[in-house]
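# Coordinate inspection notes
Each chain, written out:
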Amino acid sequence: MIVPGDPRPPPGAPHPGRPSPFPRDRLERPTLEAARALLGARLVRDAVPATDEGSGLGRRVGRIVEVEAYIGEDDLASHARFGPTDRNRVMYGPPGTAYVYLVYGMHHCLNVVTEPTGRPAALLVRAVEPIDGVDAMRAEREALSAGRRRARASTDARPRHIPDARLAAGPGLVAAAFGITRRDTGIDLCDPSSPLRLESPPGGEPPPDVVTGPRIGIAYAAEPWTSVAWRFTVAGSPSISGRRR
DNA sequence: GCAAAGATTTGCT
DNA sequence: GCAAATCTTTGCC
């Protein structure tokens, strides 16, 4: 029973201060609806203990502020346009599963599988607003930049300062900041015991204002797929992908 | 078996 | 504004 002043949360509500897993049924529905549900959700990577390789990394948490929908085999921008393959098979599986692929031979991209099993669809996580574990995100990002500079053999170039809000402001940067690789494909992001997972926004946080627009980087597709407004962003977030003015 | 292109990011011009 | 870096996946011969 709920009475005014009762410190206990109402039934089903997130426990204050305790994370609540992201409900799978929010993803097991039309992807364009799931996109709005996923905005504001938390992406969490558990702490990585220190090994011989190097010192550990703290727990990382960020708020999802940009996603893109890829829906069905008809969508000529989707990896599912080829039908089921070794790479995209997980898109045909249960909602809440992670689908991670490599683009341009160097960047990983994290997708959240949506819709009931058998229907290939997913949401590409394009940008995350860092909340916690900024040091770990920065460490992974700088390791990436250092490797790039080595490859380019540009000894004179020094790393440019990156504001916290820009650490995961792009799909490849989200994966880098959270240490996500193809080995994470198949992880159940709705399972609270997964080392990489989704959590619901804290109770009381208002749902974000959402802006939609066409998807990015899919010029290879045909109309109407290049123009449909299947990109969803949180209005006013400083962490949206793309270059700053 | 080989060639082409890619759900990106960065740094230089 | 443009091109490079880099390698997997897919299509075609």
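For the structure, check the block above.
Residues numbered from 1 in each chain as written. Chains lettered and ligands numbered in written order. Predicted model: local features only at pLDDT ≥ 70, side-chain atom pairs only at ≥ 80, totals over all residues. Heavy atoms only, no water.

### Brief notes about the overall build of chain A
Put simply, the test is: Only DSSP runs of H or I reaching four residues or more are called helices, and only runs of E reaching two or more are called strands; each is numbered from the N terminus. When accessible area is computed with a 1.4 Å probe and restricted to protein chains, residues below 20% of their type maximum are described as buried, those above 50% as exposed, and intermediate ones as partly exposed. Throughout, a contact is declared for two residues whenever any of their heavy atoms are within 4.5 Å. Note on areas: Shrake-Rupley with a 1.4 Å probe; residue coverage comes only from the protein chains shown.
Helix and strand counts for chain A stand at three helices and eight strands. Helices and strands in chain A line up, N terminus first, as α-β-β-β-β-β-α-α-β-β-β. Looking at chain A as a whole, 46% of its 245 residues are labelled buried. When contacts within chain A are restricted to residue pairs at least 6 apart in sequence, those whose partners lie at least 24 apart make up 65%. As displayed, chain A has an accessible area near 13100 Å², and 54% of this comes from carbon and sulfur atoms.

### A short note on the protein's contact with DNA strand B
For the record, the criterion: Nearness of a residue to a molecule or strand requires only that one of the residue's heavy atoms be within 4 Å of it. A 3.5 Å cut-off defines polar contacts: any pair of N or O atoms within that distance qualifies, except that in protein one atom must be a possible hydrogen donor and the other a possible acceptor, and neighbouring residues in sequence count only when both atoms are side-chain atoms.
Around DNA strand B lies a shell of 22 residues, among which Tyr101, Asn111, Arg141, Tyr220 and Arg243 are the nearest. Backbone sugar and phosphate groups make up 48% of those atoms of DNA strand B lying within 4 Å of the protein. Between DNA strand B and Ala77, the relevant distance is 3.4 Å, taken from a base nitrogen to a main-chain nitrogen or oxygen of the residue. Contact between DNA strand B and Tyr220: a phosphate oxygen at 2.4 Å from a side-chain N or O atom of the residue.

### Details of the pattern of salt bridges
Any two side chains of opposite charge can pair, given that their charged atoms come close. Basically, it comes down to this: Between Lys or Arg on one side and Asp or Glu on the other, a salt bridge is scored when a side-chain nitrogen of the former is within 4 Å of a carboxyl oxygen of the latter.
One pass over the full model with this rule turns up 18 salt bridges. Among the ionic pairs, Asp184 bridges to Arg45, the shortest N-O distance being 3.2 Å. One end of the pair, Asp184, is in the loop between helix H3 (171-177) and strand E6 (196-199); the other, Arg45, is in strand E1 (residues 42-45), with 139 residues separating them in the sequence. The class of Asp184 is buried, set by a relative accessible area of 10%. Measuring nitrogen to oxygen at the nearest pair gives 3.9 Å for the salt bridge that ties Asp132 to Arg59. Of the two residues, Asp132 is situated in strand E5 (residues 121-132) and Arg59 in the loop between E1 and strand E2 (60-71); the sequence distance between them amounts to 73 residues.

### Observations concerning the nonpolar core
Worth spelling out the cut-off: Residue types Ala, Val, Leu, Ile, Met, Phe, Trp, Tyr and Cys, when buried and joined through side-chain atoms within 4.5 Å, form a set referred to as a nonpolar core.
With 56 residues, the main nonpolar core has Leu38, Leu43, Ile64 and Leu198 as its most contacted residues. In this structure Leu38 touches Phe22, Ile64, Val67, Val112, Leu123 and Leu198, once residues within four positions along its chain are discounted.

### Digging into the packing of aromatic side chains
The following threshold applies: Any two rings among Phe, Tyr and Trp, with Trp reduced to its six-membered ring, count as a pair given centres within 6.5 Å; such a pair is stacked if its planes are under 30 degrees apart, edge-to-face if over 60, and tilted if neither. A ring has a charge above it when a Lys NZ or an Arg CZ is no more than 6 Å from the ring centre and no more than 35 degrees off the ring normal.
Scanning all chains against the criterion turns up two aromatic pairs. A centroid spacing of 5.7 Å and a plane angle of 40° characterise the contact between Tyr99 and Tyr101, whose relative ring orientation is tilted. For Tyr101, a relative accessible area of 10% puts it in the buried group. Geometrically, the ring pair formed by Trp225 and Trp230 is tilted, given 6.0 Å between the ring centres and 55° between the ring planes. Judged on exposure class, the residue Trp225 and its partner Trp230 are both buried. A cation over an aromatic ring shows up here: Arg215 above the ring of Tyr70, its NZ or CZ 4.7 Å from the ring centre.

### Quick word on helix H1 (residues 31-38)
The line we're drawing: Think of it as the arc spanned by the lines of direction from the helix axis to the C-beta atoms.
Turning to H1, its buried residues number three or more, namely Thr31, Ala34, Ala35 and Leu38. Take H1 and look down its axis: the buried residues cluster within an arc of 110°, on one side only. Where H1 is buried, its residues meet E2, strand E4 (107-113), E5, E6 and strand E8 (231-234). Taken from the residues just after H1, Gly40 is the one with a positive phi, measuring 95°.

### Some details on the pairing of E4
Rule in force here: When DSSP finds at least two bridges between two strands, those strands are taken to pair.
Counting buried residues along E4, six of its seven residues qualify, which places the element largely inside the surrounding structure. Taken together, the six bridges between strand E3 (residues 98-103) and E4 define a ladder with antiparallel strand orientation. What sits directly across from Val103, in E4, is His107. What sits between the antiparallel neighbours E3 and E4 is a turn of three residues, in which Tyr104 has the positive phi angle 55°.

### Some words on the environment of Thr85
With respect to the helices and strands, the residue Thr85 is situated in the loop between E2 and E3. Along the primary structure Thr85 and Ser20 are separated by 65 residues, whereas in three dimensions their C-alpha atoms are 34 Å apart.

### Brief notes about unusual backbone geometry
Between Glu223 and the following residue, Pro224, the backbone shows a cis peptide bond with an omega angle of 0°. Counting through the fold element by element, Pro224 comes out in the loop between strand E7 (210-213) and E8. Located in the positive-phi region is Glu115, a residue other than glycine, with phi close to 65°. Since its relative accessible area comes to 4%, Glu115 is described here as buried.

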